[in-house]
Every structure is written in C-alpha cells, then in structure tokens.
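Understanding the architecture of this molecule
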Amino acid sequence: MMSLEGTYDEGNVFALILAGKIPSTKLYEDEHTYAFLDIQPQSRGHSLVISKWSKARNILEVEDEALAQVMATVKKVANATRRALDPDGIHVAQFNGAPAGQTVFHLHFHIVPRWEGQPRGFVAHAQGDFADPEELRKLAEEICAQF
Ligand code: 5GP
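Residues numbered from 1 in each chain as written. Predicted model: local features only at pLDDT ≥ 70, side-chain atom pairs only at ≥ 80, totals over all residues. Heavy atoms only, no water.

Attention shifts here to the UniProt feature "active site" (unreviewed entry) in the protein. As recorded in UniProt, the feature "active site" (unreviewed entry) lies at His108. For histidine 108, a relative accessible area of 7% gives the class buried. Non-local contacts of histidine 108, meaning those with residues more than four positions away in its chain, are made with Phe14, Leu48, Val49, Ile50, Ala93, Gln94 and Gln102. (UniProt positions renumbered as here; feature names shortened; annotations may be inferred. Buried < 20%, exposed > 50% of the residue type's maximum accessible area, 1.4 Å probe, protein only. Contact = heavy atoms within 4.5 Å.)

Below, the discussion takes up the site of the ligand. Around the ligand sit 18 residues, and of these Asp38, Thr103, His108, His110 and His125 come closest. Between the ligand and leucine 37 there is a distance of 2.9 Å, counted from a nitrogen atom to a backbone nitrogen or oxygen. At a separation of 3.4 Å, a nitrogen atom of the ligand approaches a polar backbone atom of isoleucine 39. Of the pockets mapped on this structure, the ligand occupies the largest pocket. Counting residues per element, the ones that place at least two in the shell around the ligand are helix H1 (13-18), strand E2 (33-37) and strand E5 (108-114). No other element matches H1, which puts 3 residues into the shell around the ligand. A class-by-class count of the residues in the shell around the ligand yields 10 nonpolar, 7 polar and 1 charged. (Near = heavy atom within 4 Å. Polar contact = N/O pair within 3.5 Å; in protein donor to acceptor, adjacent residues only side chain to side chain. 1 Å grid on protein atoms, 1.4 Å probe; cavity = no way out; pocket = protein on both sides within 12 Å on 5 of 7 lines; lining within 4 Å. Sits in = over half its atoms within 2 Å of the grid points. Helix = DSSP H or I, 4+ residues; strand = E, 2+ residues; numbered from the N terminus. Nonpolar A, V, L, I, M, F, W, Y, C, P; charged D, E, K, R; others polar.)

This part takes up the pattern of salt bridges. Pairing between side chains becomes possible if they bear opposite charge and their charged atoms approach one another. Under the counting rule described, the total for this entry stands at 7 salt bridges. Note that glutamate 29 is salt-bridged to lysine 52, the shortest N-O span being 3.0 Å. Of this pair, glutamate 29 sits in strand E1 (residues 26-29) while lysine 52 sits in the loop between strand E3 (47-51) and helix H2 (64-85); the two residues are 23 residues apart in sequence, bridging distant segments of the chain. Taking relative accessible area as the criterion, glutamate 29 reaches 37% and is therefore assigned partly exposed. Judged by relative accessible area, lysine 52 falls into the partly exposed class, the value being 30%. A salt bridge links glutamate 142 to arginine 44; its shortest N-O distance comes to 3.2 Å. Taken together, the positions of glutamate 142 in helix H3 (residues 133-144) and arginine 44 in the loop between E2 and E3 put the pair 98 residues apart, joining distant regions of the chain. A residue is classified by how much of its surface remains accessible, and arginine 44, at 29% relative accessible area, is partly exposed. In the salt-bridge network here, residues are joined through shared partners; they are Lys26, Glu29 and Lys52. (Salt bridge = Lys/Arg side-chain N within 4 Å of Asp/Glu carboxyl O.)

Grouped together as the largest cluster of nonpolar side chains are 23 residues, with contacts concentrated most on Leu27, Leu37, Val49, Val77 and Ile143. The set of elements that each furnish at least two residues to this core consists of E1, E2, H2, E5 and H3. Element by element, the count of residues in this core is highest for H2, at 8 residues. The contacts of isoleucine 143, once residues within four sequence positions are left out, are Leu27, Leu37, Gly45, Ala80, Thr81, Ala84 and Leu85. Phe14, Ile17, Tyr34 and Ile50 belong to the second largest nonpolar core, which has 7 residues in total. (Core = buried A, V, L, I, M, F, W, Y, C linked by side-chain atoms within 4.5 Å.)

Following this line, the structure appears as structure tokens:
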C-alpha cells in the first residue's frame, strides 16, 4: 500500500492523462496546470487539478511554485464551476497517503460542488458510480463556457 513514502510512478493514471495516453474530459489548461472532470464523481461537476510538470506525489513534497500554480487554477475552476452549476457550496479536498484516502500518487486537488440537501446526490470519496462519458462531455461544455 502506498503511503507517504515512495517515489513518483511515471505510469500513474494522471501521468498517462498528461501524456495523452488515456483520455480525460478537460475543463481548463494553461502552461503549468491541467483541470479535468473526475470519472467517479462525488457530485455533479467534481473536477481535479494537477501540475503538468511537478513530480510531487503529495503536498508534503510539492515545490512552492507548482503549488501556487495549481491553487490559482483551483480558484479559476471553482469560480467557473460556480457560474455554470450554481452550487450552494464547493469543497476543495486533497489526500496524502493511502490511509488518508489517496489512490492516485500525483498531487491533485478535488473541487466538489455541493448543494443544500444534496438534491443532485452526494457520494463519499471513491464510493460513487463511474460517470457516463457523454454526460461528462456536456458538463465540461457548460463549465468551459464560464472561464
Ligand atoms: P484520490 O483518491 O487519489 O484523492 O483521488 C483520485 C481521484 O481520481 C478519484 O476521485 C478518482 O475517481 C479519480 N480518477 C481515477 N482514475 C481516473 C481516470 O482515469 N480519469 C479521471 N478523470 N479520474 C480518475
């Protein structure tokens, strides 16, 4: 089990996404960061933000510069998500080490829109169904229009 110790795995799923080896539903991209929809969303519009260049597995080892770049994108994506989906709240989460809930060992932040009473459903971290790719594509269009 991967914990806080270890080395960056070049074959992790987010490295493969960045390399274009597996598809993802893009929301936003700039020189240093990439944002895309989670395939197992905790709520409608759940997205992830990653650094394109940092090999940090978690927040403990990330370069300050990469962290600042990623957080600036987290803010942009959270605002676009708010404008597109009108949530009542948005939670931003990040897990370090398998015992804390981390499953992909390339530093990432979750942006999860939340609604009062969760009318659109809310599921616990990594407990939900896999999203329909076509639904993710439509959702990305809505959010992308708000940058
Ligand atoms: P962690 O548990 O490491 O904080 O979060 C990893 C997240 O990545 C989970 O929410 C999971 O649903 C998501 N995820 C895992 N594999 C893929 C993938 O291939 N594509 C996308 N878009 N998300 C993924």
